[in-house]
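Single-letter residue listing:
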Amino acid sequence: MQSANQNIKPLTTKINEKGNLSIGGCDLAELAKKYSTPLYVIDKETLVSIAREYKNAFKSYAKFKPKFASKALMTSAIAKILADEGYGFDVVSGGEIYTVHNAGISLNNSTFNGNNKSREELNLAIDLGIGRISVDNFSELELLNEILEEKNKTQKILLRVTPGIECHTHEYIQTGHLDSKFGFDLTQIDNVIELITQKYKNLEIMGLHAHVGSQIFETKVWSDEVEVLIKEIKRIKDKFKIELEEINIGGGLGITYTKEDTPPSVQEVANVVLKSLEENIKKYNVKEPVLYIEPGRSMVGTSGVTLYTLGSSKQVPNGKKYIAVDGGMADNIRPSMYGAEYCAELVTKKDSETKQKVTIAGKFCESGDILIKEIELNNPQKGDILCVYNTGAYGYSMASNYNLMLKPMMVLVNNSQSAIIVNRQTYAQLVQNDIIAEI
Ligand SMILES: *Cc1c(COP(=O)(O)O)cnc(C)c1O
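Novice: Sorry, what's going on with the side chain of threonine 302 here?
Specialist: By the secondary structure assignment, threonine 302 is in the loop between helix H10 (297-300) and strand E16 (304-315). Residue threonine 302 is classed as buried on the basis of its relative accessible area, which comes to 1%. A polar contact of 3.5 Å, which involves the side chain of threonine 302, links it to the side chain of asparagine 390. Beyond its immediate chain neighbours, meaning those up to four positions away, threonine 302 contacts Ala4, Asn5, Asn7, Ile8, Lys9, Pro10, Thr46, Ile255 and Asn390.

Novice: Looking at this model, I keep getting lost on the sheet that holds strand E1 (residues 14-15). Mind explaining?
Specialist: Backbone hydrogen bonds are what pair the strands of a sheet, in a parallel or an antiparallel way. Taken in spatial order, the 3 strands line up as E1-E2-E3 in an open sheet, and their pairing is antiparallel. Strand pairing shows two members of the sheet lacking a second neighbour, E1 and strand E3 (26-27), which therefore form its edges. Pairing of strand E2 (residues 21-23) with E3, which is carried by 2 bridges, proceeds in the antiparallel orientation. Considered in E3, the bridge of serine 22 is made with aspartate 27.

Novice: Any chance you could explain the site of the ligand here in plain terms?
Specialist: The ligand sits among 15 residues. The nearest are Lys71, Ser214, Glu294, Arg297 and Tyr394. Between serine 214 and the ligand, the recorded distance is 2.3 Å, taken from a side-chain N or O atom to an oxygen atom. Contact between the ligand and glycine 296: an oxygen atom at 2.9 Å from a main-chain N or O atom of the residue. Taking 390 Å² as the accessible area of the ligand by itself, protein coverage stands at 95%. A breakdown of the residues in the shell around the ligand according to their chemical character gives 3 nonpolar, 7 polar and 5 charged.

Novice: How should unusual backbone geometry be read in this particular structure?
Specialist: The step from threonine 37 to proline 38 runs through a cis peptide bond, and the omega angle for that step is -5°. Turning to its location among the elements, proline 38 is positioned in the loop between helix H1 (28-35) and strand E4 (39-43). Located in the positive-phi region is asparagine 152, a residue other than glycine, with phi close to 55°. For asparagine 152, the location among the structural elements is in the loop between helix H6 (138-151) and strand E9 (155-162).

Criteria and thresholds
- Residues numbered from 1 in each chain as written.
- Predicted model: local features only at pLDDT ≥ 70, side-chain atom pairs only at ≥ 80, totals over all residues.
- Heavy atoms only, no water.
- Helix = DSSP H or I, 4+ residues; strand = E, 2+ residues; numbered from the N terminus.
- Buried < 20%, exposed > 50% of the residue type's maximum accessible area, 1.4 Å probe, protein only.
- Polar contact = N/O pair within 3.5 Å; in protein donor to acceptor, adjacent residues only side chain to side chain.
- Contact = heavy atoms within 4.5 Å.
- Pairing = 2+ DSSP bridges.
- Near = heavy atom within 4 Å.
- Areas by Shrake-Rupley, 256 points an atom, 1.4 Å probe, with all protein chains shown as cover.
- Nonpolar A, V, L, I, M, F, W, Y, C, P; charged D, E, K, R; others polar.

Here you go:
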């Protein structure tokens, strides 16, 4: 079966009886009219389908525990849907912790991760009963233990490690020693274990955590990662007589932004991970560990699209035709930040086929605010609605108020119904924290 991450469009995308595009049974032109644009649209069926696919793909492994990497898209409604599917959360800030908690979800199934967690954030996480804290570095070990001593509490932790596997989107390279801001180098682990066993008595070490990269298409990185982690568990077991029982292998599965992207299915990833796990458990003679995964992009990317209205256009003499939309780099920074590419199409049917090659520009005051460098659209006209696919991950979550534009609304669609899950910001909200000083 094809996984949602192997599709460009949400699974429910159809052309309806009017000849318009629809998602979740909702006509996109009507959604744009009802809610205005720019508009983030999330298809619940696609989201739930991939969430179940992950669970299904790993179901032969009893100690499998999926988490969602909140940083890809965290809103109360998304958190609730995924918690109902049995997911915990990988959270990286006080704001993400607060949002999960505020959605009425216990944090005992979640992991707090990050390379510079503040005292306030650690306090909040501990007070709300966070399941695991993935400790990133020596200063955090000390700070966390100090906070726990004050509270007279203990905390289950993972150690974030740099496994020495670096991956680029299409190929990967393995290096012995990786220059990364995240996690402990494997050569530092002995020192960490000594500190935990002798000095930091409020920390209970449960396992190892790694994350090798993002938008990965090459399954071998995960089998290598599993081996590095199991081998390290074995080494710790032999040296310290402590057998760690949990590994968190992070996220990173890629999605299909354009036809050139060919990510493996969730099942293919699961097969590779489980095979490597089985082989290395045997090879290194360790207990079956709890297996955490924490995908972000592949969970939410394909379920989300963004609707824009086409506005002014500019034909450069003997050059490109630019068409501007009513959003851009503040609601999707990925094209201007790292040249990310997207597929898009107009949502309404046109009577005739007159294809035009155009560049879709944003409306922000940066020349680099180009959403799509070159796309063929059918007779694009001012007022037409453009649907940009695959914007569910790292769109809203990286959105800003640049140029003091309002962050867009987000709606959930399902079974021909739509519901607002994030309201459009208001001008009053934009200035609510402003203070005119009298000094
Ligand atoms: C970003 C991140 C993830 C999720 O990555 P995706 O590429 O969105 O799947 C998971 N774990 C950690 C530690 C991360 O930093």
